[in-house]
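Structure assessment
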Amino acid sequence: SDHDIEYPLTPDHMDWSKQYGEFATGRRVEFADIGCGYGGLLMRLSPKFPDTLMIGMEIRVKVSDYVNEKIQALRKHHAEVGHYRNIAVLRSNAMKYMPNYFHKSQLSKMFFLFPDPHFKNKKHKWRIITPTLVSEYAYVLREGGLIYTITDVKDLHEWMVKHLSEHPLFERLTDDEMNADPVVEMLYDSTEEGQKVTRNEGEKWPAVFRRLPNPAL
Ligand code: SAM
């Protein structure tokens, strides 16, 4: 349940120094890992983009607490060189509060790695990719920004591809474009869920989508 989640009235009400300390000064969050789970992707991305603020959003209290403790420990361990100052976790419901946290066009990358599939038809509305939510993601993403998805559930892959491809503000990257992006290879095995699928020898379907310019009125 998420009735106890505290969220800012507007992005301007958000005090990111709670997440990043002084490192937040003069910076804005640019990457968002939605349903980050145990945070493996953030920890992998952090040293590759040391100057970029990244946030994981996770609805389960215990999991987000765990990720926070892990990040604090990593920061402490690497204090002399200042690594891992750019990653943090927020306990929140990403299906409800995105525009409360992020300004229009703020984000350059959003990640949906192994999201919960919710197989049953009547549960489709609880999926993290729906036409309404895709419009919200388009709002917080800048032009040229990217949505990265990967799942081991083929039906969910097809669902995400359909809804993102059909949306007028997104286009799917070609295989060549995906291969040219060094982040794509990190989608497969950086997270707990990705590693679990590998152990079970499951298949994985990635897809990436680019935020298109708003059409001229
Ligand atoms: N991305 C991680 C990975 O690859 O290991 C976690 C995958 S796990 C199957 C899905 C995660 O999404 C869970 O940790 C779950 O608590 C979280 N989640 C589900 N719905 C959410 C929501 N509305 N907002 C934020 N997190 C959510």
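Residue numbers run consecutively from 1 along every chain, following the written order of its sequence. Local features are withheld for residues below a pLDDT of 70 in this predicted model, meaning they are given only at 70 or higher, and side-chain atom pairs are given and counted only at 80 or more; totals for whole chains, interfaces and linings count all residues.

With that settled, the discussion passes to the pairing of strand S4 (residues 107-113). Remark: C-beta atoms are placed from the backbone, and a residue is labelled buried if 20 or more other C-beta atoms sit within 10 Å of its own, exposed if 12 or fewer do, or partly exposed between those counts. To qualify as a helix, a DSSP run of H or I must reach at least 4 residues; to qualify as a strand, a run of E must reach at least 2; elements of each kind are numbered from the N terminus. Extensive coverage of S4 is indicated by the burial of 6 of its 7 residues. When DSSP finds at least two bridges between two strands, those strands are taken to pair. Inspection of the sheet shows strand S1 (residues 29-34) paired to S4 by 3 bridges, in the parallel sense. Opposite phenylalanine 31, over in S4, you have lysine 109 as the bridge partner. Bridge analysis of S4 against strand S5 (residues 141-151) gives 6 bridges, and the strand direction is parallel. Residue pairing across strands places leucine 113 opposite isoleucine 150, the latter belonging to S5.

The next point concerns unusual backbone geometry. Even without being a glycine, tyrosine 84 presents a positive backbone phi close to 70°. Locating tyrosine 84 in the fold gives a position in the loop between helix H3 (61-77) and strand S3 (87-91). Even without being a glycine, phenylalanine 114 presents a positive backbone phi close to 50°. Position of phenylalanine 114 among the secondary structure elements: in the loop between S4 and helix H5 (131-140). With 21 C-beta atoms counted inside 10 Å, the residue phenylalanine 114 sits in the buried group.

Now for the environment of methionine 57. Along the chain, methionine 57 turns up in strand S2 (residues 53-58). The class of methionine 57 is buried, set by 22 C-beta atoms lying within 10 Å. For the pair methionine 57 and isoleucine 34, spaced 23 residues apart in sequence, the C-alpha separation works out to 5.1 Å. Here the contact rule is simple: place C-beta atoms from the backbone, and any two residues whose C-beta atoms are within 7 Å are in contact. If sequence neighbours within four positions are ignored, methionine 57 has contacts with Ala32, Ile34, Gly35, Cys36, Leu90, Ser92 and Ala94.

Using a C-beta atom placed from the backbone, a residue is described as near a molecule or strand when that atom lies within 6 Å of it. The full set close to the ligand counts 19 residues, and Gly35, Gly37, Ala94, Thr191 and Glu193 are the nearest of them. For the shell around the ligand, the elements supplying multiple residues, two or more each, are S2 and helix H9 (192-199). Sort the elements by how many residues they give to the shell around the ligand and H9 lands first, with 3 residues. By the convention adopted, Pro, Cys, Tyr, Trp, Phe, Met, Ile, Leu, Val and Ala count as nonpolar, Lys, Arg, Asp and Glu as charged, and the other residues, Gly among them, as polar. The residue makeup of the shell around the ligand, split by class, is 9 nonpolar, 5 polar and 5 charged.

Before going further, it helps to examine the nonpolar core. Ranked by size, the top nonpolar core spans 49 residues in total, and within it Ala32, Met54, Met110, Phe112 and Ile147 carry the most contacts. In contact with alanine 32, other than residues within four places in its own chain, are Ile55, Met57, Leu107 and Met110. Nonpolar core, as used here: buried Ala, Val, Leu, Ile, Met, Phe, Trp, Tyr and Cys residues forming one set through C-beta atoms within 7 Å.

Within the UniProt annotation, "active site" (unreviewed entry) is assigned to Asp116. Structurally, the position occupied by aspartate 116 is in the loop between S4 and H5. UniProt positions are given in the numbering used here, feature names are shortened, and annotations may be inferred rather than shown by experiment.

Taken in spatial order, the 7 strands make up an open sheet running S3-S2-S1-S4-S5-S7-S6, and their pairing is mixed. The open sheet has two edge strands, S3 and strand S6 (170-172), and neither has a second partner. In this sheet, neighbouring strand axes are inclined to one another by 20° on average, regardless of whether the strands run parallel or antiparallel. Relative to S3, S2 is paired through 5 bridges, and the arrangement is parallel. Its bridge partner being in S3, methionine 54 is matched across the sheet by isoleucine 87. Lines are fitted to the C-alpha atoms to define the axes, a helix being fitted only along its stretch in contact, and any angle between axes, read from their N-to-C directions, falls within 0 to 180 degrees.

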